Amino acid sequence: MTAAEPLAEGEIGVWAAPGRVNLIGEHLDYVGGPAMPIAIDLHTTVKARRRTDGRVRVWSSISDGSVEFGADTTPGDVKGWGRYVAGAVWSLAESGRTTRGADLVISSDVPLGAGLSSSAALECGVGVALAGIEGWDVDPVEMALLCQRAENAYAGAPTGSMDQLASMCGSEGHALLIETASLPPTVKPVPAHWVEDGLALLVVDTRAKHSHAGGEYGKRRAQTEELATLLGLETLASAPPDAVLKVEDPELKARLRHVITETQRVRSATRALAARDWTQFGQLMTASHVSLRDDFAVSAPELDLTVEAALEHGALGARMTGGGFGGSAIALVEADRVEAVSAAVTDAFTRIDFKAPRTFVVAPSQGAHRVS
């Protein structure tokens, strides 16, 4: 983000931050591993104007009513959806950037609870809007990490940095290779040509709601920390393949096996993406889902059914995306098969009396930016 003059009194600016889909590399961003997400063409939009009384007022289509709090907010002050907004205000202030106050009007077409990082899009949208109205110069990676801190320390969700990095650093027509072993993480755009090659990335929102603040996500993170300590590693993703032989507990062994094999899959997927080898890329996606289902145990019946139905009807690959326990799955399909695969998944859900899924196609999109 480039520094600019603060907004004039009464002037309204508009900023947008996208949701994300992770192509591969799940549950690696908090163990020092790689991930390959895209920012998607669904956004949270923030209209903002300056105040000078140290108050922040927020209206949102996400929920009824409004939220108001002080610019000096601290964790615990704000509950519900407003804590993601207040968290961004707090995290920026902790970095030395305290807003003089703001009016914020928020809308979004990123589905809530679908595993597409609606919370990261909200945090990043608020972050870039505040930077814009105040004239702050904040590097996109730094802003992403500040928004991650908001989610971790204010909202209480123990996520890694991938979601916010994807929302801040997205590039149209590109995936992002994110390396979290270094601090700060590195982000490299990688050309993603599946659209030009006649393919589409289909998202299936299973409508099985998930929450990063839930206990199971935190349990997985705690298990990876236990494994790193057990193996004497600074980052678990650096574990060699034979590290599984040093772990006796079957559940911990499975968690480690996922981290090791998923890290290898991201490396292979990077090469497949560069070579436009979509058969190989699809196979890696599917293998990732199997590992998340069997070794990391974060899938759900709706996600497994989606993957099974998509593959049966011609998808090159399919997998859950995001933290799991519900949310969305993705499938790489030939563009002229999108309707057929969508119908097959919907029919499969109907037969088991699951709630009807929502299906749509996404494309790699620009990261957080000023709209007007």
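My aim in this report is to walk through the structure given alongside it, one point at a time. A quick note: this is a predicted structure, and the numbers were derived from the prediction, not measured. (Residues numbered from 1 in each chain as written. Predicted model: local features only at pLDDT ≥ 70, side-chain atom pairs only at ≥ 80, totals over all residues. Heavy atoms only, no water.)

Let us look at the environment of Leu92. Checked against the element boundaries, Leu92 lands in helix H1 (residues 82-94). Non-local contacts of Leu92, meaning those with residues more than four positions away in its chain, are made with Arg97, Gly127, Leu130, Trp136, Met143 and Leu146. (Helix = DSSP H or I, 4+ residues; strand = E, 2+ residues; numbered from the N terminus. Contact = heavy atoms within 4.5 Å.)

The next subject is unusual backbone geometry. Glycine aside, residues mostly have negative phi, and peptide bonds are mostly found in the trans state. Between Leu183 and Pro184 the backbone carries a cis peptide bond, its omega angle lying at 0°. Following the sequence through the fold, Pro184 ends up in the loop between strand S6 (174-179) and strand S7 (186-191). Although it is not a glycine, His27 adopts a positive phi angle of roughly 60°. With respect to the helices and strands, His27 occurs in the loop between strand S1 (13-24) and strand S2 (34-50).

Turning to the packing of aromatic side chains, a few remarks are in order. One pass over the structure, following the stated rule, counts five aromatic pairs. Their ring planes at 80° and their centres at 6.3 Å tell us that Trp194 and Trp278 sit as a pair that is edge-to-face. Separated by 84 residues along the polypeptide, Trp194 in the loop between S7 and strand S8 (199-208) and Trp278 in helix H7 (residues 278-294) bring together distant segments of the chain. Taken together, a centroid distance of 5.6 Å and an interplanar angle of 75° make the contact between Phe349 and Phe354 edge-to-face. With a relative accessible area of 0%, Phe349 lands in the buried category. Exposure remark for Phe354: the relative accessible area of 23% places this residue in the partly exposed category. Members of the aromatic cluster, each reached through a chain of ring pairs, are Trp194, Trp278 and Phe281. (Phe/Tyr/Trp six-rings, centres within 6.5 Å; stacked < 30°, edge-to-face > 60°. Buried < 20%, exposed > 50% of the residue type's maximum accessible area, 1.4 Å probe, protein only.)

Here we have four strands laid out as an open sheet, ordered S9-S10-S8-S11, and antiparallel in their pairing. A single partner strand is all that each edge strand has here, and the edge strands are strand S9 (317-321) and strand S11 (358-362). In this sheet, neighbouring strand axes are inclined to one another by 25° on average, regardless of whether the strands run parallel or antiparallel. Note: S9 against strand S10 (residues 327-334), five bridges, orientation antiparallel. (Pairing = 2+ DSSP bridges. Axes fitted to C-alpha atoms, helices over the stretch in contact; angles between N-to-C directions.)

Before going further, it helps to spend a moment on the environment of Ala35. Positionally, Ala35 belongs in strand S2. Exposure remark for Ala35: the relative accessible area of 0% places this residue in the buried category. Linking Ala35 and Trp59, residues 24 residues apart in sequence, is a C-alpha distance of 34 Å. Not counting residues within four places of it along the chain, the set of residues in contact with Ala35 comprises Asn22, Ile24, Gly25, Met162, Leu176, Leu177, Ile178 and Val266.

Moving on, we get to helix H2 (residues 118-134). Between its first and last C-alpha atoms H2 spans 24 Å; for 17 residues at 1.5 Å apiece the expected length is 24 Å, and the two agree. With 17 of 17 residues buried, H2 is to be regarded as a mostly interior element. (Expected span 1.5 Å × (residues − 1).)

This part takes up a positive patch on the surface. Judged by side-chain charge, Arg207, Lys209, Lys355 and Arg358 come together as a positively charged surface patch. Among the secondary structure elements, Lys209 is positioned in the loop between S8 and helix H5 (215-231). Relative accessible area serves as the criterion here: at 54%, Lys209 is assigned to the exposed category. (Patch = residues over 30% accessible without salt bridge, like charges linked within 9 Å, V, L, I, M, F, W, Y side chains within 5 Å. Areas by Shrake-Rupley, 256 points an atom, 1.4 Å probe, with all protein chains shown as cover. Salt bridge = Lys/Arg side-chain N within 4 Å of Asp/Glu carboxyl O. Lys, Arg positive; Asp, Glu negative; His and termini not counted. Charge placed at Lys NZ, Arg CZ, Asp CG, Glu CD.)

Applying the stated criterion to the full structure yields 20 salt bridges. The salt bridge involving Glu216 is made with Arg220; its shortest N-O contact spans 2.7 Å. Pair noted here: Glu216 and Arg220 are both in helix H5, with a separation of four residues, about one helical turn. The partly exposed category is assigned to Glu216, whose relative accessible area is 37%. Using a relative accessible area of 4% as the deciding quantity, one classes Arg220 as buried. Note that Arg221 is salt-bridged to Glu225, the shortest N-O span being 3.9 Å. A residue pair is termed a helical-turn pair when its members lie 3 or 4 positions apart in one helix, as Arg221 and Glu225 do in helix H5 at four residues. One network of salt bridges, with partners in common, ties together Arg49, Arg51, Asp53, Arg57 and Asp103.

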